[in-house]
Amino acid sequence: MPRFAANLSMLFTEVDFPERFAMARAAGFEGVEYLFPYAYPKERLGQMLSDNQLTQVLFNLPPGNWDAGERGIACLPDRVEEFQAGVDQAIDYAKALGCRQLNCLAGLKPANVSDDIAWQTLVSNVAWAAGRLADEGITLCLEAINSRVDMPGFVLDTSGKVLALIEEIDADNVRLQYDLYHMQIMEGDLVRSMECLLPWIGHIQFADNPGRHEPGTGEINFSNVFAAIDAMGYDGWVSAEYRPTGATGDSLGWFPGKA
Ligand SMILES: O=C(O)C(=O)[C@@H](O)CO
Ligand SMILES: [Mg+2]
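In this text, all values refer to a predicted model and were calculated from it rather than measured experimentally. (Residues numbered from 1 in each chain as written. Chains lettered and ligands numbered in written order. Predicted model: local features only at pLDDT ≥ 70, side-chain atom pairs only at ≥ 80, totals over all residues. Heavy atoms only, no water.)

Considerations on the UniProt feature "active site" (unreviewed entry) in the protein
In the numbering used here, UniProt assigns the feature "active site" (unreviewed entry) to Glu143 and Glu241. Of the residues just listed, which span 99 residues, no C-alpha pair is farther apart than 13.1 Å, and they cluster in one region. In this fold, Glu143 is placed in strand S5 (residues 139-143). Classification of Glu143 as buried rests on a relative accessible area of 6%. Among residues more than four places away in sequence, those in contact with Glu143 are Asn103, Cys104, Phe154, Leu156, Val162, Gln177, Asp179, His182, Gln205 and Glu241. Within the secondary structure layout, Glu241 lies in the segment after strand S8 (237-240). Residue Glu241 is classed as buried on the basis of its relative accessible area, which comes to 8%. Residues in contact with Glu241, not counting those within four places in the same chain, are Asn7, Met10, Glu33, Glu143, Asp179, Gln205, Phe206, Ala207 and Arg212. (UniProt positions renumbered as here; feature names shortened; annotations may be inferred. Helix = DSSP H or I, 4+ residues; strand = E, 2+ residues; numbered from the N terminus. Buried < 20%, exposed > 50% of the residue type's maximum accessible area, 1.4 Å probe, protein only. Contact = heavy atoms within 4.5 Å.)

Written out as structure tokens, the structure is:
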């Protein structure tokens, strides 16, 4: 089976964030990810990881003002300085936590910015970030997020757009973050798509659709999809990024490592 990780921004939310590490470990996970580490000192997060023998799989670059609705600033021409400072902050945390992958949220395109300017800004920011991360041996992931349900206006909403960006940047450490939930909404044909995209996929996440809940609550045949991910030779992490319909422990029927 794939190497499964738990997304602590969505799983185990029945307890406060610091307690979720131990809950994940007790459930049988060896890797965790979450949206952002920046509200906590890196030393404290490092301690929670080591206390629970967990690997930090991934987190996101600073997204701008998340609470105000921003979903990344990489495509915003007037925020380049802030973007670059965010990359440096993320690298600082990643090095302290032993995290080898960071996700760059492309952002929502403002109405007063043209498609072309947003794209050129994204290309130049991602190229700059890739260079900084390469110096540290860190991979930069770019997630395609659905613009039909969850994030209208998100600039990178298809795997094709992410691949076009990866091609334009042409750096070995830039990879596609393939989230089965978003891709089921935007593209479908999940197994065949992953087989085609495999050389560019750096990270996989999942939730069922519709609802973004645990496997078995929607239309995706997860036992077949997980078997196919194994069969195609993907050896990265596969992170559970869903909202459990009840207690997290009761949502883990799909997880072979379940304690
Ligand atoms: O929403 C998702 O999907 C994610 O992976 C988050 O990291 C936010 O982009
Ligand atoms: Mg995701």
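That covers the picture; the talk isn't over yet.
Some points on the packing of aromatic side chains
Enumeration according to the criterion identifies 23 aromatic pairs in this entry. Residues Phe17 and Tyr34 carry aromatic rings whose centres are separated by 5.1 Å and whose planes lie at 90° to one another, so their mutual orientation is edge-to-face. One end of the pair, Phe17, is in helix H1 (residues 17-27); the other, Tyr34, is in the loop between strand S2 (31-33) and helix H2 (42-51), with 17 residues separating them in the sequence. The two residues Phe17 and Tyr34 agree in class, both being buried. Ring pairs connect the aromatic residues Phe4, Phe12, Phe29, Phe206, Phe222, Phe226, Tyr242, Trp254 and Phe255, which therefore count as one cluster. Over the face of the ring belonging to Trp237 we find Arg3, whose NZ or CZ atom lies 4.5 Å from the ring centre. Cation over ring: Arg71 sits above Trp66, and NZ or CZ is 3.7 Å from the ring centre. (Phe/Tyr/Trp six-rings, centres within 6.5 Å; stacked < 30°, edge-to-face > 60°. Lys NZ or Arg CZ within 6 Å of the ring centre and 35° of its normal.)

Structural notes on the UniProt feature "domain: Xylose isomerase-like TIM barrel" (unreviewed entry) in the protein
Residues given the UniProt feature "domain: Xylose isomerase-like TIM barrel" (unreviewed entry) here are residues 21-255. Strand forms 14% of residues 21-255 and helix 39%; the C-alpha atoms that close the span are 17 Å apart.

Concerning helix H4 (residues 115-135)
Along an α-helix, residues three or four apart share an orientation, since each turn contains 3.6 residues. Between its first and last C-alpha atoms H4 spans 31 Å; for 21 residues at 1.5 Å apiece the expected length is 30 Å, and the two agree. For H4, every residue scored as buried is listed here: Ala118, Trp119, Thr121, Leu122, Val123, Asn125, Val126, Ala129, Ala130 and Leu133. In this structure, the buried side of H4 is in contact with helix H3 (80-97), strand S4 (101-104), S5, helix H5 (159-169) and strand S6 (174-179). Gly137, located one to two residues past H4, shows a positive phi value of around 70°. (Expected span 1.5 Å × (residues − 1).)

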